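As a plain string of letters, each chain reads:
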Amino acid sequence: MKIVKKLIKNEHAFTLIEMIFCISVILVILLLVIPFVTKKNNLVKDKSCDAQVEVVNSQIVLYEIENNKLPTSVGQLVSKNYLTKKQATCPNHKKITISDGQAYAS
């Protein structure tokens, strides 16, 4: 019986210092990870914009085949239902423009 009481008596919870240390370690890890995640988010948006420009370029070719002339603006492609309004801008809010039959993000 004495052994059981001794085991129960020796158990203790985290002290305040141990809790502060654990929270500090977690915060340091978060401070190291958050900039990496935001950098990757911007990279994904840039890649998505590149893909969107390629979609617009393919629609320019289709417009040229069907109308025997190049579109002068993205608005022409939207008005003739080659693109939706959402496809006229990139996910990173860059505007897509057409110059000499080629789409560019600016």
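Keep in mind it's a predicted model, so treat the numbers as computed, not measured.

## Looking at the side chain of Q59
Argument step 1. Note on placement: Q59 falls in helix α2 (residues 16-67).
Argument step 2. Residue class for Q59 comes out buried when judged on its relative accessible area of 18%.
Argument step 3. Excluding residues that lie within four positions of it along the chain, Q59 makes contacts with L77, Y82 and L83.

## Re the state of the cysteines
Argument step 1. In this structure the tally under the stated criterion is one disulfide.
Argument step 2. Between the sulfur atoms of C49 and its disulfide mate C90 the distance is 2.0 Å. Looking down the S-S bond of the C49 and C90 bridge, the torsion is 60 degrees, so its handedness is right-handed. Taken together, the residues span a long stretch of sequence, with C49 in helix α2 and C90 in the loop between α3 (74-79) and β1 (96-99) at a distance of 41 residues.
Argument step 3. In this structure C90 comes out as buried when scored by relative accessible area, which is 4%.

## Some points on the environment of N81
Argument step 1. Its location among the elements puts N81 in the loop between α3 and β1.
Argument step 2. Residue N81 is classed as exposed on the basis of its relative accessible area of 69%.
Argument step 3. The spatial distance from the C-alpha of N81 to the C-alpha of Q59 is 10.0 Å, given a sequence separation of 22 residues.

## Examining the nonpolar core
Argument step 1. The biggest cluster of nonpolar side chains holds 15 residues, and the ones touching the most others in it are V56, I60, V74, L77, L83, I96 and A103.
Argument step 2. No other element matches the five residues that α2 contributes to this core.

## Structural notes on the packing of aromatic side chains
Argument step 1. All told, the structure shown has one aromatic pair when counted by the stated rule.
Argument step 2. Both rings, one in Y63 and one in Y82, keep their centres 5.3 Å apart while their planes meet at 70 degrees; by these two values the pair is edge-to-face. Here Y63, found in helix α2, pairs with Y82, found in the loop between α3 and β1; they are 19 residues apart in sequence, far enough to count as distant.
Argument step 3. Take Y63: its relative accessible area is 0%, and that puts it in the buried class.

## Describing the pairing of strand β2 (residues 102-105)
Argument step 1. Relative to β2, β1 runs antiparallel, the two sharing four bridges. Bridge assignment links T97 to a residue of β2, and that residue is Y104.
Argument step 2. Between the antiparallel neighbours β1 and β2 lie two residues, among them D100 with a positive phi of about 55 degrees.

## Overview of the side chain of N92
Argument step 1. Structurally, the position occupied by N92 is in the loop between α3 and β1.
Argument step 2. Among all residues touching N92, those that are not within four sequence positions of it are K45, D46 and C49.

## Here's the deal with a nonpolar patch on the surface
Argument step 1. A cluster of nonpolar residues, F21, V25, V28, I29, L32, V33, F36 and V37, forms a patch on the protein surface that exposes about 780 Å² of accessible area.
Argument step 2. As for its placement among the helices and strands, V37 is situated in helix α2.

Analysis parameters
- The residue numbering used here restarts from 1 in each chain and proceeds along that chain's sequence as written.
- This being a predicted model, a pLDDT of at least 70 is required before a residue's local features are given, and a value of 80 or more before pairs of side-chain atoms are given or counted; all residues contribute to the totals for chains, interfaces and linings.
- Only hydrogens and water are set aside; all other atoms, that is, all heavy atoms of the structure, feed into the side-chain values.
- Secondary structure elements are defined from DSSP: runs of H or I of at least 4 residues count as helices, runs of E of at least 2 residues count as strands, and each element is numbered from the N terminus.
- Remark: exposure states derive from per-residue accessible area (1.4 Å probe, protein chains only) relative to the maximum for the residue type, with buried under 20%, exposed over 50%, and partly exposed in between.
- Here a residue-residue contact requires only that any non-hydrogen atoms of the pair lie within 4.5 Å.
- Two cysteine sulfur atoms make up a disulfide if the distance between them is within 2.5 Å.
- Put simply, a nonpolar core is a bunch of buried Ala, Val, Leu, Ile, Met, Phe, Trp, Tyr and Cys residues held in one set by side-chain atoms that sit within 4.5 Å of each other.
- Only Phe, Tyr and Trp rings take part, Trp by its six-membered ring, and two of them pair if their centres are within 6.5 Å. Stacked means planes under 30 degrees apart, edge-to-face means over 60, and tilted covers everything else.
- Pairing between strands is defined by DSSP: at least two bridges between the two strands are required.
- Each patch is built from residues lacking any salt bridge and having more than 30% relative accessible area; the joining distance is 9 Å for like charges and 5 Å for nonpolar side chains (Val, Leu, Ile, Met, Phe, Trp, Tyr).
- In this description, accessible areas are obtained by the Shrake-Rupley approach with a 1.4 Å probe, and a residue is regarded as covered only by the protein chains that are shown.
- The working definition used for a salt bridge is a side-chain nitrogen of Lys or Arg within 4 Å of a carboxyl oxygen of Asp or Glu.

Honestly, that's just the spatial picture; any functional story needs more than this.
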